[in-house]
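Residues per chain are reported as follows:
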Amino acid sequence: MLQLDPFCPHDQIILFGRICAGCNTEIGHGRFLNCLNAFWHPECFRCHACNLPISDCEFSMSGNYRFHKSCYKERYHPKCDVCNHFIPTNPAGLIEYRAHPFWIQKYCPSHEHDGTPRCCSCERMEPQDTGFVALNDGRKLCLECLDSAVMDTNECQPLYLEIQEFYEGLNMKVEQQVPLLLVERQALNEAREGEKNGHYHMPETRGLCLSEEQTVSTILRRPRFGTGNRAMDMITEPYKLTRRCEVTAILILYGLPRLLTGSILAHEMMHAWMRLQGFRTLSQDVEEGICQVLAHMWLLTQLDSASSSNVASTSSSASSRLEKGKRPEFERKLGEFFKHQIESDTSPVYGDGFRAGHQAVYKYGLRRTLEHIRMTGRFPY
Ligand SMILES: [Zn+2]
Ligand SMILES: [Zn+2]
Ligand SMILES: [Zn+2]
Ligand SMILES: [Zn+2]
Ligand SMILES: [Zn+2]
């Protein structure tokens, strides 16, 4: 700040010529600030965020805007989407955070090791102020995924019909009646171990196409979510599979959103179709790859129909936690995510298999690709 002597003619000339850079009027007598190569009425030197005068000696700039240091931090320093605190700087003084590649959820690196749960469907981390629901088998589900989740065997039957129609539309009708059962994680893993040569998706199996006679614990009635968002009152029942053909049942993990359940189902149906059509045992990448191609194709039909008609899905679960208008929007985003997951899978079996199969179908069509697989056990190049 300058000290001015009002009786010094030189100073007065300068003083009366000075214009405040904030309000563009003459500064006149009284206090003023000299900063950023300009003069200001103290009340005109304001923060761009809160609009209050800045009287501290230190302030922050962004472009031509001035901020209180605290207001600047509030606006520009990234906050963690999990704990809602500012993301801490690392020992090198840099702000280092993790972000989910699809959802762009930002979080402190520490949450990767501090036991913060992720949604078993969309993979987002549980924010500390919004509880996810806990399924009986240790999985957690976010409320948005819960909204379209398929929770029991009965509830899944309309979706099963849709997938059957999808296969019929491709001229690949599955003639045999294969039971579809929704199960818990443990029942799925047990059934997997009961198969002689099962294909399964690491790290977590979400669906199975069974060939052996087994007894499976199926979910008869969906759970309610009680205090602390815990699942309760779920009813399961043993279901004895009998072998009438090459496929005894399709099992799907319960509690996943309709679009994920449907894409897993489309995948498992392809295993069933090939087995019933008498395809030989294929290498894993061809077998899983072509099944992923069908899952991906089904997802595309869902995304297309959502964008053309903008009609909400036919899922019957709809425990309407969100307003009606919001649901299709999130469901669509979720569909994009599942599609992205299939496309960007890094595993040699599911990922590379999908990409090779997708390319073959793009080039030769599904029918010719399948014929080629049947004859040679390989994708056509
Ligand atoms: Zn002013
Ligand atoms: Zn401010
Ligand atoms: Zn955090
Ligand atoms: Zn989720
Ligand atoms: Zn598979």
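Conventions we followed
Residues numbered from 1 in each chain as written. Chains lettered and ligands numbered in written order. Predicted model: local features only at pLDDT ≥ 70, side-chain atom pairs only at ≥ 80, totals over all residues. Heavy atoms only, no water. Helix = DSSP H or I, 4+ residues; strand = E, 2+ residues; numbered from the N terminus. Contact = heavy atoms within 4.5 Å. Polar contact = N/O pair within 3.5 Å; in protein donor to acceptor, adjacent residues only side chain to side chain. Expected span 1.5 Å × (residues − 1). Buried < 20%, exposed > 50% of the residue type's maximum accessible area, 1.4 Å probe, protein only. Donors = N, O, S within 2.8 Å, 3.2 Å for Na, K, Ca; no water. Tetrahedral: all angles 85-135°; square planar, octahedral: opposite > 155°, others 65-115°. Core = buried A, V, L, I, M, F, W, Y, C linked by side-chain atoms within 4.5 Å. Pairing = 2+ DSSP bridges. Salt bridge = Lys/Arg side-chain N within 4 Å of Asp/Glu carboxyl O. Axes fitted to C-alpha atoms, helices over the stretch in contact; angles between N-to-C directions. Parallel < 35°, antiparallel > 145°, perpendicular 65-115°, else oblique. Left-handed = near helix turned anticlockwise from the far one by under 90°. Nonpolar A, V, L, I, M, F, W, Y, C, P; charged D, E, K, R; others polar.

1. Some thoughts on the environment of Cys 71
Within the secondary structure, Cys 71 sits in helix α2 (residues 69-76). When neighbours within four sequence positions are excluded, Cys 71 is seen to be in contact with Cys 47, Ala 49 and Cys 50.

2. So, the side chain of Asp 137
With respect to the helices, strands and loops of the structure, Asp 137 is situated in the loop between β7 (133-134) and β8 (140-141). A polar contact is formed between the side chain of Asp 137 and the side chain of Arg 139, at a distance of 3.0 Å. A polar side-chain atom of Asp 137 sits 2.9 Å from the main-chain amide nitrogen of Arg 185. Every residue in contact with Asp 137, bar those within four places of it in the chain, is listed here: Glu 184, Arg 185, Leu 253 and Tyr 254.

3. As for the environment of Glu 184
Take Glu 184: it is sitting in the loop between β10 (180-183) and α5 (185-193). Leave out the neighbours within four places in its chain, and Glu 184 touches Asn 136, Asp 137, Ile 219, Met 234, Thr 236, Leu 253 and Tyr 254.

4. Notes on helix α9 (residues 348-364)
For α9, which comprises 17 residues, the first-to-last C-alpha distance of 22 Å matches the rise-based estimate of 24 Å (1.5 Å per residue) to within 8%. Restricting attention to buried positions, one finds in α9 the residues Tyr 350, Gly 351, Gly 353, Phe 354, Gly 357, Ala 360 and Val 361.

5. Describing the coordination of the zinc ion (ligand 3)
Within the protein, the atoms that donate to the zinc ion (ligand 3) are Cys 80 (SG), Cys 83 (SG), Cys 108 (SG) and His 111 (NE2), at distances of 2.1 to 2.3 Å. Classification of the site at the zinc ion (ligand 3) as tetrahedral follows from its 4 donor atoms and the range of 98 to 117 degrees in their angles at the metal. When the donor residues of the zinc ion (ligand 3) are listed from N- to C-terminus, their spacing reads C-x2-C-x24-C-x2-H. The residues Cys 80 and Cys 83 share a single accessibility class, namely buried.

6. Here we look at the nonpolar core
Note on soluble globular proteins: their nonpolar side chains tend to be buried together. One finds Leu 251, Met 270 and Ile 290 to be the most contacted residues of the largest nonpolar core, which totals 77 residues. Leaving out residues up to four positions away in the same chain, Met 270 has contacts with Tyr 167, Met 172, Ile 290, Cys 291, Leu 294 and Leu 370. Judged by nonpolar contacts, the second largest core, of 9 residues, contains Leu 33, Ala 38, Phe 45 and Cys 71.

7. A few points about the pairing of strand β16 (residues 249-253)
Counting buried residues along β16, 5 of its 5 residues qualify, which places the element largely inside the surrounding structure. Residue alternation in β16 divides its side chains into two sets, Ala 249, Leu 251 and Leu 253 and Ile 250 and Ile 252, and both sets are buried. Bridge count between β10 and β16: 4 bridges; the pairing is parallel. Bridge pairing in β16 places Leu 180 opposite Ile 250. In this sheet, β16 lies alongside strand β11 (residues 207-210) in antiparallel orientation, the contact comprising 4 bridges. Within β16, the residue paired with Cys 209 across the bridge is Ile 250.

8. Observations regarding the pattern of salt bridges
Scanning the entire structure with this criterion turns up 13 salt bridges. Between Arg 139 and Asp 137 there is a salt bridge; the shortest N-O distance is 3.0 Å. We note that Arg 139, like Asp 137, is buried. In this structure, Arg 258 and Glu 162 form a salt bridge, with 3.0 Å as the shortest nitrogen-oxygen distance. With Arg 258 in helix α6 (residues 258-276) and Glu 162 in helix α4 (residues 153-169), this pair connects stretches of sequence that are 96 residues apart. The class for Glu 162 is partly exposed, based on a relative accessible area of 22%. Connected through shared salt-bridge partners, Glu 96, Arg 98 and Glu 112 make up one network.

9. Description of the sheet that holds β16
An order of β10-β16-β11 is seen for the 3 strands of this open sheet, with the pairing classed as mixed. What marks the edges here is a single partner per strand, and that holds for β10 and β11. Between one strand axis and the next, the sheet turns by 20 degrees as a mean value, whatever way the strands run. Sitting on the sheet, α5 touches β10, β11 and β16, and the angle it makes with β11 is about 40 degrees.

10. Describing the coordination of the zinc ion (ligand 4)
Looking at the zinc ion (ligand 4), the protein donor atoms are Cys 119 (SG), Cys 122 (SG), Cys 142 (SG) and Cys 145 (SG), and they sit 2.3 to 2.4 Å from it. Seen from the zinc ion (ligand 4), its 4 donor atoms lie at angles of 99 to 115 degrees, and the figure they make is tetrahedral. Donor residues for the zinc ion (ligand 4), ordered by position in the chain, follow C-x2-C-x19-C-x2-C. Pair noted here: Cys 119 is in the loop between β6 (106-107) and β7 and Cys 145 is in helix α3 (residues 143-147), with a separation of 26 residues, a long-range link.

11. Describing the packing of α4 against α6
The contact between α4 and α6 brings their axes to 10 Å, and the two run at 50 degrees. Comparing the axis directions of α4 and α6 gives the class oblique. In this structure, α4 crosses over α6, and the sense of that crossing is right-handed. Here Cys 156, Leu 159, Tyr 160, Glu 162, Ile 163, Gln 164 and Tyr 167 of α4 lie close against α6, whose contacting residues are Arg 258, Thr 261, Gly 262, Leu 265, Ala 266, Met 269 and Met 270. Here the contact of α4 with α6 is built from residues that sort into 9 nonpolar, 3 polar and 2 charged.

Any functional reading would require information that these geometric values do not contain.
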